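Given next are the chains, with one letter for each unit.
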Amino acid sequence: IKHILLETLGYMWSSQVFSLGYLQTALVMAQMTLTSNRQTSDSLIAAYRSGAFHKIVEILDFQDQLQHSLQRITAGCLRQSVELFARCHSVEDIVAMFEEACPMVYPVEVARQWKDLRDLTALKSWQPKEEQLTSEQRKNSFEQEIIWLQLRSCVIRSICCVASEAAKNTVPA
């Protein structure tokens, strides 16, 4: 249930927590989303041990959805942002982070394979039916999220590249 909540409602709070400056909380939330593979694997083992073989297919399908969800990719970018702003205090720290986990810039073809698991109806609207979200608006929202994610990834990658070049050009004392 935790993973379903993170995937469907995580978009509401994940970016706000980071932008409000709660970096440690944002990091914990991102780690919860990113560790879903390990926890769904535990569910697979439990289903196998209890003999609920019909549940294994459902868990594998759910694991595939989690692997390709927009929220998971966003959580990875959020984690890199938090590490960059909270833990990197020098150019060497940024270069070390860049060498450890290079921020991804996702091509459009890869981004189109992501799944939108957000529940945009979680907040009820009192607007008339014709003024509520349409499927076209939902699709546009998903495409905008992809563009913003790609922009954030490019900014992180740019900062890391500049730091790497600065470290190469620094004259040792």
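Since the model is a prediction, treat every value here as computed from it, not as a measurement. (Residues numbered from 1 in each chain as written. Predicted model: local features only at pLDDT ≥ 70, side-chain atom pairs only at ≥ 80, totals over all residues. Heavy atoms only, no water.)

Caption draft 1: Highlighting the overall build of the protein chain. In terms of regular secondary structure, the protein chain is built from eight helices and zero strands. Reading the helices (α) and strands (β) of the protein chain from amino to carboxyl end gives α-α-α-α-α-α-α-α. Sequence separation of at least 24 residues holds for 76% of the intrachain contacts in the protein chain that already meet a minimum separation of 6. (Helix = DSSP H or I, 4+ residues; strand = E, 2+ residues; numbered from the N terminus. Contact = heavy atoms within 4.5 Å.)

Caption draft 2: Highlighting the packing of helix α6 (residues 91-100) against helix α8 (residues 135-169). Axis separation between α6 and α8 bottoms out at 8 Å; the angle between their running directions is 120 degrees. Overall, the two elements α6 and α8 adopt an arrangement that is oblique. Between α6 and α8 the crossing geometry is left-handed. Counted together, Val 91, Ile 94, Val 95, Met 97 and Phe 98 of α6 and Ile 156, Arg 157, Ile 159, Cys 160, Cys 161, Ala 163, Ser 164, Ala 166 and Ala 167 of α8 form the full contact between these two elements. Class assignment for the residues of the contact of α6 with α8 results in twelve nonpolar, one polar and one charged. (Axes fitted to C-alpha atoms, helices over the stretch in contact; angles between N-to-C directions. Parallel < 35°, antiparallel > 145°, perpendicular 65-115°, else oblique. Left-handed = near helix turned anticlockwise from the far one by under 90°. Nonpolar A, V, L, I, M, F, W, Y, C, P; charged D, E, K, R; others polar.)

Caption draft 3: Fine view of the pattern of salt bridges. Enumeration according to the criterion identifies two salt bridges in this entry. A salt bridge links Arg 79 to Glu 83, with the nearest nitrogen and oxygen atoms 3.4 Å apart. Within this pair, Arg 79 and its partner Glu 83 are both found in helix α5 (residues 70-87), separated by four residues, close to a single helical turn. (Salt bridge = Lys/Arg side-chain N within 4 Å of Asp/Glu carboxyl O.)

Caption draft 4: Structural view of the packing of α5 against α8. Taken N-terminus to C-terminus, the directions of α5 and α8 make an angle of 30 degrees; their axes are 10 Å apart at the nearest point. Relative to α8, the element α5 is oriented roughly parallel. Between α5 and α8 lies a crossing of left-handed hand. In contact with Leu 70, Ile 73, Thr 74, Cys 77, Gln 80, Ser 81 and Leu 84 of α5, α8 contributes Phe 142, Glu 145, Ile 146, Leu 149, Arg 152, Ser 153, Ile 156 and Ile 159.

Caption draft 5: The confidence of the model for the protein chain, seen in detail. Across the protein chain, the average pLDDT comes to 76, with 79% of residues at or above 70. Considering each helix and strand of the protein chain separately, the mean pLDDT is smallest for helix α7 (residues 108-111), with a value of 64, and largest for α8, with 83. (pLDDT = per-residue confidence, 0-100.)

Caption draft 6: A look at α6. Listed in full, the buried residues belonging to α6 are Ile 94, Val 95, Met 97 and Phe 98. Down the axis of α6, the buried set is contained in an arc of 160 degrees. They therefore lie on one face. Pointing more than 90 degrees away from the buried face of α6 are the exposed residues Glu 92, Glu 99 and Glu 100. Packing partners of the buried residues in α6 comprise α5 and α8. (Buried < 20%, exposed > 50% of the residue type's maximum accessible area, 1.4 Å probe, protein only. Arc of directions from axis to C-beta.)

Caption draft 7: Representation of the side chain of Thr 74 within the structure. By the element assignment, Thr 74 lies in helix α5. Using a relative accessible area of 14% as the deciding quantity, one classes Thr 74 as buried. Residue contacts for Thr 74: discarding those within four places in its chain leaves Leu 149 and Arg 152.

Caption draft 8: Fine view of helix α2 (residues 23-34). Spanning twelve residues, α2 covers 16 Å between terminal C-alpha atoms, matching the ideal 16 Å at 1.5 Å per step. Residues Ala 26, Leu 27, Ala 30, Thr 33 and Leu 34 constitute the buried set of α2. The buried residues of α2 occupy an angular sector of 125 degrees when the element is viewed end-on, so they sit on one face. (Expected span 1.5 Å × (residues − 1).)

Caption draft 9: Region of the structure containing the state of the cysteines. All told, the structure shown has zero disulfides when counted by the stated rule. Looking at the unpaired Cys 160, the closest cysteine sulfur is the one in Cys 161, lying at 7.0 Å. (Disulfide = S-S within 2.5 Å.)

Caption draft 10: Representation of a nonpolar patch on the surface within the structure. Nonpolar side chains collect at one region of the surface, where Phe 85, Trp 148, Leu 151, Val 155 and Ile 159 lie side by side and expose about 490 Å² of accessible area between them. Of all the elements, α8 adds the most residues to the nonpolar patch, at four residues. Within the secondary structure layout, Val 155 lies in helix α8. (Patch = residues over 30% accessible without salt bridge, like charges linked within 9 Å, V, L, I, M, F, W, Y side chains within 5 Å. Areas by Shrake-Rupley, 256 points an atom, 1.4 Å probe, with all protein chains shown as cover.)

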